[in-house]
Amino acid sequence: MAEAAICAGCRAYFGYPITPQNEILEHMAAHMPTVGGVFIQAESEVAAINMCYGASAAGVRTMTSSSSPGISLKMEGISYLAAADLPCVIINVARGGPGLGNIAPSQGDYFQATKGGGHGDYHMIVLGPATIAEAIELVMLAFDLADKYRVPVMVLSDGMLGQMMEPVALPEPVDPASLPAKPWALTGARGRGPNAISSYAMDPRDLNRINIKRQTRYREIEEREVRYQETETSDATIIIVAYGTVARIARTAVRMARSEGMKLGLVQPVTLWPFPYAALRALSGRVGTILTVELSAGQMLEDVRLAVADRAQTPFYGVLGGLVPTPNDILTEVKRNVS
Amino acid sequence: MSVNSENMVKVFERPRSLTGAQFSYCPGCHHGVVTRIIAHTIDELGIQDRAVIVAPVGCAVTMYEWFRCDGIQAAHGRACAVATGIKRVNPNLIVFTYQGDGDLAAIGTAESIHAANRGENITVVFINNQIYGMTGGQMAPTTLIGQWATSCPEGRNAQLAGHPIRFAEMIAQLDAPVYVTRQALYDQKRIVAAARAIKKAFQCQVDCKGYSLVEVLTNCPTNWRLSPVETNSRLMNEVVRTFPLGDFVDRT
């Protein structure tokens, strides 16, 4: 993911050590200087996200990464990034929580990532990779979306992906000089009027207008940027909805089910915000059961139920504490819901 | 008596780097003096088109609207981290923060100390008025022992609330800072000295020498509930006893 960020033209990384994502920080420490980029090990996650705020304001592709407790600390800064319309990529290699929790995989940060986390009416685009190849693709996409819509984008990974090794093909590196200009950036008021970057608007009418404009941009994102993958859904009678590491395990469960003649399918939301409500709504008319599986107590489940309403049964299978279900565990749960 | 305007010479004018937008400070407040000194410094050094203001929350929150310079508003306490991000990706810019005592010495202690410790080539202007101004006069980390504030109605009690933090002296313990000084504005001589110190701090950045901090002892007539003249006496006679003036580091 760190190398993908460099390929995407990221030239400023600020981070603070926390397991299970130290490899990103260490990779950036070793490689950012070789491409003429900036690396700082900050004094805290709070400082790191605010360094991102400054570097992004200066017009450079910028990233930070952390894991759940550290992401909580970044939430103030993420709210400011969103409110100042600044692009930034944030990787969360999520771990067990709440509190200190543990360093095992978890999806307990879904609400925080997709529903806000920081204060005020804002959204991040949230991308959920299931494999390292997907993580690379989505980190590249994250930088493009962040710049295009001037929003912070989170890649919501987990401790399983963070500690995994698998062979991948790296994309062609992007030359930062070839990226579209950012006329709003702080580059010095030479030959133009001053640029100001701020989230402050004392007059409620001004703030109302600015917020509505931002919400309009969010509606555009919802319209254009929803991404999801369907596996074996065309004839399915029961469908699993899962993202990230769980989606990968569920793919195997689908294969196992199909070999037993069971018509099981999978929908993997790739954008967690914007969520693929329409796709699930369409499927819910023709399947009886849509089973949500998460490494949480049921967070994405709420979005699934918003999409499905009462058009299908919406049971839930959640695993907590950093435990990860096997394909067989998921299949057993599917069978329980069929019978 | 008639005046021949052709023979008049302009001896004083608004610094060119100011837009003319009205400052939002209270009457008699030293903030306006410091802000003007900074504008004058930017003019003198010819850095209007390279300067980037990192504005705080509070009384100077819209500072970026007063200058013909690029600017950014930082979250409370985070200005030095924001300045670090800007300066590192574009070292040609002249980046300065303008921060109060709560911002720099309470909520932003970590960011402020570590930016200094890394020797970031930025300039920090620290407004020490010993109180939270915009929020209505609560105790600051720099409030004097015995000083009244809305959140220490019996006066600051060291047993309950600790002692005033001498931030410039703390920063002076570090190896990296190049210029660390404490100035005041209670009379004309002090204003001239403070202006010289602020110019030196900016020059230090222009010359790529490294981190500089100018702490300025200022007043808050509104929340101290004193007249501007009384605040100057108080600064001269009381405040400097806790916060001695002078240079603490000068490696320029």
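Thresholds, definitions, all that
- Residues numbered from 1 in each chain as written.
- Chains lettered and ligands numbered in written order.
- Predicted model: local features only at pLDDT ≥ 70, side-chain atom pairs only at ≥ 80, totals over all residues.
- Helix = DSSP H or I, 4+ residues; strand = E, 2+ residues; numbered from the N terminus.
- Rg over C-alpha atoms; globule rule 2.2 N^0.38 Å.
- Buried ≥ 20, exposed ≤ 12 C-beta atoms within 10 Å, placed from the backbone.
- Contact = placed C-beta atoms within 7 Å.
- Nonpolar A, V, L, I, M, F, W, Y, C, P; charged D, E, K, R; others polar.
- Pairing = 2+ DSSP bridges.
- Axes fitted to C-alpha atoms, helices over the stretch in contact; angles between N-to-C directions.
- pLDDT = per-residue confidence, 0-100.
- Arc of directions from axis to C-beta.

Chemist: Please explain the overall build of chain B as it appears in this structure.
Modeler: Scanning chain B for helices and strands turns up nine helices and nine strands. The C-alpha radius of gyration computed for chain B amounts to 18 Å, which stays within 12% of the reference 18 Å derived for 252 residues, consistent with globular compactness. Projected onto its principal axes, the C-alpha coordinates of chain B cover approximately 65 × 55 × 30 Å. In chain B, buried positions account for 52% of the 252 residues. Nonlocal contacts in chain B, meaning residues at least 24 apart in sequence, comprise 66% of its contacts between residues at least 6 apart.

Chemist: Please explain the interface of chain A and chain B as it appears in this structure.
Modeler: You'll often see interface size given as the accessible area lost when the parts meet. In this complex, chain A contributes 32 residues to the contact, which on the side of chain B involves 30 residues. Among the elements that take part in the side of chain A that touches chain B, helix α3 (residues 45-57) of chain A stands out by supplying nine residues, more than any other. For the side of chain A that touches chain B, the class distribution of residues is 20 nonpolar, nine polar and three charged. Direction of pairing for strand β7 (residues 196-197) of chain A relative to strand β2 (residues 70-73) of chain B: parallel, over a ladder of two bridges.

Chemist: What am I meant to see in the sheet that holds strand β13 (residues 316-318) of chain A here?
Modeler: Hydrogen bonding along the main chain pairs the strands of a sheet, whether they run parallel or antiparallel. Residues and elements named next belong to chain A. Across the sheet, which stays open at both edges, the five strands sit in the order β8-β10-β9-β12-β13 with mixed pairing between neighbours. Strands with a single pairing partner mark the edges of an open sheet, and in this sheet they are β8 (228-231) and β13. With direction set aside, neighbouring strand axes in the sheet form an average angle of 20 degrees. Across four bridges, the pairing between β8 and strand β10 (residues 264-269) is antiparallel.

Chemist: Is there a simple way to think about the confidence of the model for chain B in this case?
Modeler: For any part of a model where pLDDT is low, the fine detail of the predicted coordinates should not be relied upon. For chain B, per-residue confidence averages 96 on the pLDDT scale, and 98% of positions sit at 70 or higher. Interface confidence in the predicted complex, given as ipTM, is 0.96; pTM for the same model is 0.96.

Chemist: Which parts of the structure should I look at to understand helix α11 (residues 300-308) of chain A?
Modeler: Every α-helix winds through 3.6 residues per turn, so residues three or four apart in the chain are directed the same way. Residues and elements named next belong to chain A. Buried within α11 we find M300, L301, D303, V304, A307 and V308. Relative to the axis of α11, the buried residues are bounded by an arc of 160 degrees and lie together on one face. Its buried side turned inward, α11 meets α5 (110-115), β9 (238-241), α10 (277-284), β12 (289-294) and β13. Positive backbone phi, at 50 degrees, marks A309, one or two positions downstream of α11.

Chemist: Sorry, what's going on with unusual backbone geometry here?
Modeler: Trans peptide bonds make up the majority, and among non-glycine residues the majority have a negative phi. With an omega of 10 degrees, the peptide bond running from T19 of chain A to P20 of chain A counts as cis. Inspection of the secondary structure assignment puts P20 of chain A in the loop between β1 (12-15) and α2 (22-31). Between G97 of chain A and P98 of chain A the backbone carries a cis peptide bond, its omega angle lying at 0 degrees. By the secondary structure assignment, P98 of chain A is in the loop between β4 (88-94) and α5. Located in the positive-phi region is C208 of chain B, a residue other than glycine, with phi close to 60 degrees. What makes C208 of chain B exposed here is the crowd of 8 C-beta atoms within 10 Å. Backbone geometry at R225 of chain B places phi at a positive 60 degrees, although glycine is not the residue there. Assignment of secondary structure puts R225 of chain B in the loop between α8 (221-224) and α9 (228-242). C-beta crowding within 10 Å serves as the criterion here: with 11 such atoms nearby, R225 of chain B is assigned to the exposed category.

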